[in-house]
Structures are given as C-alpha cells and as structure tokens.
Amino acid sequence: MDIALLAPQASDAWAAMTRLVLDGVFSPHTKRAYSKALHDFFLWYQHSGQMGFRRSTVQAFRAELEALALAPTTINQRLCAIRKLAREAAGNGLLDDPLAESICSVRGVPHSGTRTGRWLDRDQASQLLSFPDATTLKGKRDQALLAVMVGCGLRRSEVSALTWQHIHMVERRWVILDLIGKRNRIRTVPIPSWAKVALDAWCEAAEISDGFLFRSMDKADRLRGTSLSSQAIWSIVTGYGVDLHLEFAPHDLRRTHAKLAHRGGAAVEQIQLCLGHSSLLTTQLYLGLQLDLHNAPCDRLGLG
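Residues numbered from 1 in each chain as written. Predicted model: local features only at pLDDT ≥ 70, side-chain atom pairs only at ≥ 80, totals over all residues. Heavy atoms only, no water.

Concerning the pattern of salt bridges
Counted under the stated rule, the structure contains twelve salt bridges. The shortest N-O distance in the salt bridge between Arg78 and Asp40 comes to 3.5 Å. Taken as a pair, Arg78 in helix α4 (residues 72-91) and Asp40 in helix α2 (residues 28-46) lie far apart in primary sequence, 38 residues in all. Where Arg62 meets Glu66, a salt bridge forms, and the shortest distance between an N and an O atom there is 3.6 Å. With Arg62 and Glu66 both in helix α3 (residues 55-67), this residue pair falls four residues apart, about one helical turn. Owing to a relative accessible area of 41%, Glu66 belongs among the partly exposed residues under this scheme. Each member of the salt-bridge network shares a partner with another, and the members are Lys36, Asp40 and Arg78. (Salt bridge = Lys/Arg side-chain N within 4 Å of Asp/Glu carboxyl O. Helix = DSSP H or I, 4+ residues; strand = E, 2+ residues; numbered from the N terminus. Buried < 20%, exposed > 50% of the residue type's maximum accessible area, 1.4 Å probe, protein only.)

Here it is in structure tokens:
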C-alpha cells in the first residue's frame, strides 16, 4: 500500500496526516517546525515528478534541500518530520510497515563540530539584571522575569506558564515546585535569594497572589490580566539586548545560568537536574566547556 499524494483528494488526506503528526509532538516550537517541513515537502512533491511516498522520494527531497545549501540542522529537522509522517501513516494502515521502515532509514546530513551558543559573562549578566527601571511596574516585572530566567535557567515557555502556586518553601529554601518542562518532564528548581527578592517586589507591586506570575501590561503600566506569551518574552529579552548592545536570545540566558553555575563550582549532574535535561551530553553542550591548561585534569591525578 502507498499514499497517492497526487490523487484529487490528496490535499485533504495530506492535511489529515499532518494533523496526526502534529498531535504526536508536545512542543509548540516542534509543531510549527514540523508543520512547515511537511507543507514544504508536499509542495515540492507535487512539482517533482516523483511517484508515491517511498524511500527514493525522500532521498530526492533530501538532495533538493542540500542543493539549496540549507544548514544540516535544518535539513535533518525536516527529515525527522517526514520520518514521523511515515510512522504515523504505517500506524494508521496507510503505508506498509516495510515501506515505512525504508523511509525512516533515510539518513540525515552529517555535520561536524559543535554548535556554539551565546553566553553572558558575570558582569554582563549583572548589568542585564540591573538594567530595567525598577521604579516602574513594568520595570519590576522585567527585572523579576530576567532574574528568574538567569537565576533558575528556565525556558521562556516555562516562564510563560509559571504561576504563584509553583513557588514553595522546601527544606528551608524557595523553589519552583513540580515545574512541567519539555516532553512533560517534571522537576523542582531552586530559586536564588536575589531572584526571589525581585519576584517578591514585582508580585507585591502588582498585587499578584494567585494565577500567572508574569502578565502582559498596557502602555499605561497597568496589568492586562493575561499571561505573557513566549513571543512576548522573546521581545522583552531581545529588547534589553539591543539596549545593552549585546546580542542574545532568551535561551542564551539558560546557557548563561548553566555556565556561571559551573564556573562557581556546581556539579554538572546538579545543573542537569535543574535544567531538566534527559542527557548529560546536552548539559555539557550548554556549558561550552574548553580545556583549561591552567587547571588541567592531569594536575589532579595525585601522582609524581
């Protein structure tokens, strides 16, 4: 059995299959990326002269993406969406299992080296945290928001969903309790005292004692009562980057949290737990580790 993508009803069938794929992923960012990937694949297929959804079709699409000189990460993300489509099609009886397996076995584009993120050093982070005008309600909100992002290493989607009910005292320290992160992983995140001070100042000024912690505001510095969206948080953070003549995005504050914590002596495993990474390798990438010739591992062997 094969999917007849060129049949008159192909558009409706493709839309239905796309919904199945998107229903199977949790992250809104992944949903957007997969939706675009599948839309682009369908448009390419309609003009490619390919016959059916099979391994050779996906290989031809990969070759087309490489010819466009797209980054390996972009190409591989699109191939992931197509593999997901093949699995969903097989699971719903629209594609034979061997055919789906052959599609899923199409390899991605190899890439070498390690993707380098951006980090703020301690002075830059301090400058960012003190930059919002704390004499205004908006300034208090932004100062608390930045303090939570740097101090707790949260994703912007997690900051958007943060509520008053998340904040608890556990073992004589304040924490964000039972935070639901990526892929529905639950974790508890300690809050540094200086971030809690900024958070308290914001909540007291805004008279927030329930519901979402970070809310949108109008131009008159008044609460609008709704949670800040992830896109709004992006705009706030990058806006301060422009003001400070520093180029960074919200996720770079998460990397900054990891790197500053590690430089301060925090164990990598503890940083992993706070960030909610399933893999220690992911945490190590966030740290941007480099060989320290002044304090090399061989100096710690205790021999000679």
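So much for the structure itself; the text now carries on.
Focus on the side chain of Asp142
Structurally, Asp142 is set in helix α7 (residues 137-152). Look at Asp142 and you get buried, because its relative accessible area is 0%. Side-chain polar atoms of Asp142 contact the side chain of Arg141, separated by 2.9 Å. Other than its neighbours up to four places away in sequence, Asp142 contacts Pro132, Ile236 and Tyr240. (Polar contact = N/O pair within 3.5 Å; in protein donor to acceptor, adjacent residues only side chain to side chain. Contact = heavy atoms within 4.5 Å.)

Overview of the pairing of strand β3 (residues 186-190)
Where burial is concerned, the two faces of β3 differ: the one with Arg187 and Val189 is buried and the one with Ile186, Thr188 and Pro190 is not. Of the strand pairs in this sheet, strand β2 (residues 173-180) and β3 are connected by four bridges, and their pairing is antiparallel. Bridged to Val175 within β3 is Pro190. Count of turn residues in the β2/β3 antiparallel hairpin: five residues, of which Arg183 carries a positive phi of about 55°. (Pairing = 2+ DSSP bridges.)

Some remarks on the packing of α4 against helix α5 (residues 97-104)
Contact geometry for α4 and α5: axes closest at 9 Å, N-to-C directions at 170°. When the axes of α4 and α5 are compared, the pair comes out roughly antiparallel. Of the residues in α5, those in contact with Ile82, Arg83, Ala86, Arg87 and Ala90 of α4 are Asp97, Ala100, Ile103 and Cys104. Tallied by class, the residues present in the contact of α4 with α5 amount to six nonpolar, no polar and three charged. (Axes fitted to C-alpha atoms, helices over the stretch in contact; angles between N-to-C directions. Parallel < 35°, antiparallel > 145°, perpendicular 65-115°, else oblique. Nonpolar A, V, L, I, M, F, W, Y, C, P; charged D, E, K, R; others polar.)

Quick look at the packing of aromatic side chains
All chains considered together, the criterion is met by five aromatic pairs. Note on Phe131 and Tyr240: the rings are 6.0 Å apart at their centroids and 80° apart in plane angle, and the pair reads as edge-to-face. Taken together, the residues span a long stretch of sequence, with Phe131 in the loop between α6 (122-130) and α7 and Tyr240 in helix α10 (residues 230-243) at a distance of 109 residues. Judged by its relative accessible area of 9%, Tyr240 is buried. (Phe/Tyr/Trp six-rings, centres within 6.5 Å; stacked < 30°, edge-to-face > 60°.)

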